[in-house]
Amino acid sequence: MPDSGSVRTEDALIASRSYESGKHKEGKSSSYNFDGKAQETLADTHLDLDRKMSRFPGNYGPVIELQVLEGSLYVAYSSFGVQIFSLLDTSSEAMARYSSSCLHCMTVAKLKGCTTLVTGLGGKLSFCDTQKQPRELDQVSFDMGTPVKCLLMLEHIIYVGLATGEISVFDTKKMTETDRFICCDHPIHCLAPAQEGSSKLLCVSSQDGTILIVNAHTSLPLRILTGHTKTSFSLQVDGPFVYSGSGDSCVIIHNLHTGVVEHSIHDNQGLVKTVCYNNGFLFTGGMDRLVRCYDTKTRKLVQVYYGAERGVITKIFVYNNMLITGNITGAVDCVELDVKAKHRCHKGCKLKFGNRSHLFWHLLEDHNITTMT
Ligand SMILES: [Zn+2]
């Protein structure tokens, strides 16, 4: 898995520029100055503003996973399957497509040197070597006896979260399930890795809103993180902090080691579907269509972006200096991440956008402003 740090690489720029160049009229955007006097009217940009273009458009249904491996973007859609796109050129066409109408979860990994799609297809844990034919997700499948809800790959072990509240431990070297244990009484929605001293831990989101901390080797439960009133759909861990976004519209920061709620964020309006930690920043997204970017040291909101096609956000992934978002209708977009940019709305809500076009859209849609005076 390539590092997803903040280094701005050429391929990240190519990908974001290819989108930007298709979106703007040449030379137009430089004449706007929202911190001072606007030089032109927003009406002049109507063509741009009305276009809901994204880098990888399409009506494929909800995006449930985004991952990058070796310059390729792997996108999983719950009712469509998996598509692979190149981030190294400007094409919006998929390089490969794998159909499935019952995809619950996906991860991509190098297994025995081969790029392999690991998926939960209904009640099956399936493996697909992307170099092999036929191009089907279930080239090799294992019946788990209950719906597979989520996957977490740590080295050669896949932890499989199941609808029964069990976790299956699957060894990809032996290609067999080596353990299965009951974790909770409810379906498991997501898993995240954590570390305590020399012990590897699993953070497990249960449908009842709790987050369980489990020793990955012994499967012993260590503690329960409470605070959410609805299911956490997304978990991220950085050092001692567990970040969770939930159906209760809230993002909570727990201390992994003590279980204490360190901080909670109530900015989101509606369900929080995805949280993404990257290099000192936490990104959240969901029903209210805004990606919020927080500084994890100050815990302050730094800036906001729109997600793909200004739709409901289902997945956020940060790769190099690129903010990648997937939405509920199947569009995926990439924009260059600029955490220092502050395109401020002066119309009362004081939102600071990380992208100039996103501020235009906000003024147009939320404030009904078509002319700057
Ligand atoms: Zn505003």
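In this numbering scheme, every chain counts its residues from 1 along its sequence in written order. Local features in a predicted model are, by the rule used here, given only for residues with pLDDT of at least 70; side-chain atom pairs are given and counted only at 80 or more, and totals for whole chains, interfaces and linings are based on all residues.

- For the protein, an unreviewed UniProt entry supplies the name C2H2-type domain-containing protein and the organism Lymnaea stagnalis.

Quick look at the pairing of strand β23 (residues 290-295)
Moving on, step 1. A residue is called partly exposed when the number of other C-beta atoms within 10 Å of its own lies between 12 and 20, exposed at 12 or fewer, and buried at 20 or more, with C-beta atoms placed from the backbone. What counts as a helix is a DSSP run of H or I of at least four residues, what counts as a strand is a run of E of at least two, and both are numbered from the N terminus. Summarising burial for β23: five of the six residues are buried, a large majority.
Moving on, step 2. Here a strand pair is declared whenever DSSP counts at least two bridges between the two strands. Pairing of strand β22 (residues 281-286) with β23 involves four bridges; the strand directions are antiparallel. Each bridged residue has a counterpart across the sheet, and for Thr284 the counterpart in β23 is Arg292.
Moving on, step 3. In the sheet, β23 pairs with strand β24 (residues 300-306) via six bridges, with the strands oriented antiparallel. Across the sheet, the residue bridging to Leu290 is Tyr306, located in β24.
Moving on, step 4. Taking the residues that link successive antiparallel strands as the turn, the β23-β24 hairpin has four residues, and the phi of Arg299 there is positive, at about 60 degrees.

Re the sheet that holds strand β3 (residues 81-86)
One key point about sheets: their strands pair by backbone hydrogen bonds, in either a parallel or an antiparallel sense.
Moving on, step 1. Strand order in this open sheet of four strands is β1-β2-β3-β4, and the pairing throughout is antiparallel. Strand pairing shows two members of the sheet lacking a second neighbour, β1 (63-69) and β4 (96-99), which therefore form its edges. Between one strand axis and the next, the sheet turns by 15 degrees as a mean value, whatever way the strands run.
Moving on, step 2. Bridge analysis of β3 against β4 gives four bridges, and the strand direction is antiparallel. Here, axes are lines fitted to C-alpha atoms. For helices the fit covers the stretch in contact, and angles between N-to-C directions go from 0 to 180 degrees.

Focus on the environment of Asn268
Moving on, step 1. Of note, Asn268 is situated in the loop between β20 (261-265) and β21 (272-278).
Moving on, step 2. Under the C-beta neighbour-count criterion, Asn268 is labelled buried, with 21 such atoms within 10 Å.
Moving on, step 3. Each C-alpha atom, one on Asn268 and one on Ser249, is 5.8 Å from the other, the two residues being 19 residues apart in sequence.
Moving on, step 4. Whether two residues are in contact depends on their C-beta atoms, placed from the backbone: they are in contact if these lie within 7 Å. Beyond its immediate stretch of four places on either side in the chain, Asn268 contacts Ser249, Val251, Thr284, Gly286 and Asp288.

Overview of the UniProt feature "domain: C2H2-type" (unreviewed entry) in the protein
Moving on, step 1. UniProt positions are given in the numbering used here, feature names are shortened, and annotations may be inferred rather than shown by experiment. The UniProt record marks residues 345-367 with the feature "domain: C2H2-type" (unreviewed entry), using the residue numbering of this structure.
Moving on, step 2. Helix makes up 48% of residues 345-367 and strand 9%, and the two end C-alpha atoms of the span are 10 Å apart.

What to know about unusual backbone geometry
Moving on, step 1. For the peptide bond that leads from Gln133 to Pro134, omega is -5 degrees, which places it in the cis range.
Moving on, step 2. Structurally, Pro134 can be placed in the loop between β7 (124-129) and β8 (140-143).
Moving on, step 3. Phi at Ser219 takes a positive value of approximately 65 degrees, unusual for a residue other than glycine.
Moving on, step 4. Inspection of the secondary structure puts Ser219 in the loop between β15 (211-215) and β16 (221-225).
Moving on, step 5. For Ser219, a count of 15 C-beta atoms within 10 Å translates into the label partly exposed.
Moving on, step 6. Positive phi values are uncommon outside glycine, yet Arg299 reaches one of about 60 degrees.
Moving on, step 7. Mapped onto the elements of the fold, Arg299 is located in the loop between β23 and β24.

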